[in-house]
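Descriptive analysis of the structure
Each chain is listed here by its residues.
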Amino acid sequence: QVQLVESGGGLVQAGGSLRLSCAASGSIFSITNMGWYRQAPGKQRELVATIISGGSTDYVDSVKGRFTVSMDNAKNTVYLQMNSLKPEDTAVYYCKADLRTSSAPTNFRYWGQGTQVTVSS
């Protein structure tokens, strides 16, 4: 089985920075893409940033210019560098990976456990 383990969340003042990490482990054959979603209380889960294995990235408009997603292919790890954080960035952040395992040709989606990011004003 594949597991995604997240780290890096915490408390930060507005204007500060955090870096989230998400490491995928298991019998991974190939990773199609990895990304980050977030969910604030009472809100729907939204896509924040995504990166494909080739390096192309995409971001939700509200974080463009402030967040950067990157991937270390050798370590099967995706990062989310969050700068100039705002209180509205407060949410649980979930790592997502679309990947193939060594035993199945089909692309499956896996989720991390979530990590809390709280930005104080």
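Everything that follows concerns the structure shown earlier in this document.
These remarks concern the structure in this document. (Residues numbered from 1 in each chain as written. Predicted model: local features only at pLDDT ≥ 70, side-chain atom pairs only at ≥ 80, totals over all residues. Heavy atoms only, no water.)

On a plain count of helices and strands, the chain comes out with 0 helices and 11 strands. Sequence-ordered secondary structure for the chain, helices as α and strands as β, is β-β-β-β-β-β-β-β-β-β-β. With respect to the three principal axes, the spread of C-alpha positions in the chain is 50 × 25 × 25 Å. Residues counted as buried form 42% of the 121 residues belonging to the chain. Once local pairs closer than 6 in sequence are excluded, the contacts in the chain between residues at least 24 apart make up 55%. Surface accessibility of the chain: about 6300 Å² in total, with carbon and sulfur atoms responsible for 47%. (Helix = DSSP H or I, 4+ residues; strand = E, 2+ residues; numbered from the N terminus. Buried < 20%, exposed > 50% of the residue type's maximum accessible area, 1.4 Å probe, protein only. Contact = heavy atoms within 4.5 Å. Areas by Shrake-Rupley, 256 points an atom, 1.4 Å probe, with all protein chains shown as cover.)

Okay, the packing of aromatic side chains next. Counted under the stated rule, the structure contains 1 aromatic pair. Considering the side-chain rings of Tyr 37 and Trp 111, the 5.0 Å spacing of their centres and the 65 degrees angle between planes classify their relative orientation as edge-to-face. A residue pair is termed long-range when its members are at least 10 positions apart, and Tyr 37 in strand E4 (residues 28–39) and Trp 111 in strand E10 (residues 108–111) qualify at 74 residues. One residue, Arg 45, lies across the ring of Tyr 94, its end atom 3.8 Å from the ring centre. (Phe/Tyr/Trp six-rings, centres within 6.5 Å; stacked < 30°, edge-to-face > 60°. Lys NZ or Arg CZ within 6 Å of the ring centre and 35° of its normal.)

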